[in-house]
Amino acid sequence: MFTNLNMGPKKRPRLLGELDDLSHTRVSSSEFKYRKGSEIFGQAEPADYIYQVIEGAVRTHKLLSDGRRQIGAFHLPGDIFGLENGDRHRFTAEAVVDTTVRLIKRKSLEREAKNDPAMVRSLLTMTTDNLQHVENHLLLLGRQTAQERVGAFLLEMRGRQTSADVISLPMSRLDIADYLGLTLETVSRVLSKFQRKGYLRFSDRRQRQFVVLNAAGLVLARAHR
């Protein structure tokens, strides 16, 4: 379920970062709000748009042959997703919570990029950032212990938050498990271990917010088996 939030053709897009440089009148864009759990696009669907999270969070995932779900990335406000090398999406994208997303027509960008070197550079930067995330995720999945993976994930999320010590997680522990290639029970056990060791403290009843008490401890958890 989604809602079109555009009030009229002259409404200015609320784009961020790289996409803000591309938000001129010749580029076609729209803003939509997706309810929690709604699909934004499906695997193998035409990749006609590039997306940016304005508010909320998005997960991209693929179902494996045995029915398991592998989450490839979590996209937070300002993040760009759906930028493909081919003509179709390789993953499914869903709203983790109620989420507002800006959609920009891919053909509009490609058309304008032919005459705008700055836009070409912006598109190249976005592509490079996405590739770097894929490489980092592959390294994460290659770690040999659950503790290393969870520690690395917390440090990744910490680096993407505006607050230096508070980690707000819109995703569930099951989402985290499917991102790290672990079971739900293992993720919960490692987080409890980090709490006992004094590395972090839960700051809400749902345990979706963590106060980092010892970042060095998480670094050591990431570096040592």
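Shown above is the structure to which this text applies.
A few points on the structure. (Residues numbered from 1 in each chain as written. Predicted model: local features only at pLDDT ≥ 70, side-chain atom pairs only at ≥ 80, totals over all residues. Heavy atoms only, no water.)

## Focus on the sheet that holds strand β12 (residues 209-212)
Strand pairing in a sheet takes place through backbone hydrogen bonds and is either antiparallel or parallel in direction. In plain terms, the rule: Here a strand pair is declared whenever DSSP counts at least two bridges between the two strands. Runs of E in the DSSP output that reach at least two residues are strands. Runs of H or I that reach at least four are helices, and both are numbered from the N terminus. Axes here refer to lines fitted to C-alpha atoms; in helices the fit is confined to the stretch in contact. Angles between the N-to-C directions go from 0 to 180 degrees. Contact definition: two residues touch when any of their heavy atoms are within 4.5 Å.
What the three strands build is an open sheet, ordered β10-β12-β11; its pairing is antiparallel. Each end of this open sheet is capped by a strand with a single partner; those strands are β10 (166-168) and β11 (200-202). Across this sheet, the average inter-strand angle for adjacent strands is 25°, counted without regard to direction. Two strands pair when backbone bridges link them, and β10 and β12 are joined in this way by three bridges, in the antiparallel orientation. Counterpart to I167 in the pairing with β12 is F210. Of the strands in this sheet, β11 and β12 touch helix α6 (residues 184-196), which is tilted by about 115° from β11.

## Section: the pattern of salt bridges
Basically, it comes down to this: Whenever a carboxyl oxygen of Asp or Glu lies within 4 Å of a side-chain nitrogen of Lys or Arg, that contact is scored as a salt bridge. Classification of residues uses two cut-offs on accessible area relative to the type maximum, computed with a 1.4 Å probe and protein chains only: under 20% is buried, over 50% is exposed, and between them is partly exposed.
Evaluation of the coordinates by the stated rule reveals nine salt bridges. Residues R69 and D175 are paired through a salt bridge, measuring 2.8 Å at the closest nitrogen-oxygen approach. With R69 in strand β6 (residues 69-75) and D175 in helix α5 (residues 173-180), this pair connects stretches of sequence that are 106 residues apart. In terms of burial, R69 and D175 fall into one category: buried. Notably, a salt bridge pairs R69 with D178, separated by 2.7 Å at the nearest N-O pair. Taken together, the positions of R69 in strand β6 and D178 in helix α5 put the pair 109 residues apart, joining distant regions of the chain. Residue R69 shares its accessibility class with D178, and that shared class is buried. Through salt bridges with shared partners, one network takes in R59, R69, E94, D175 and D178.

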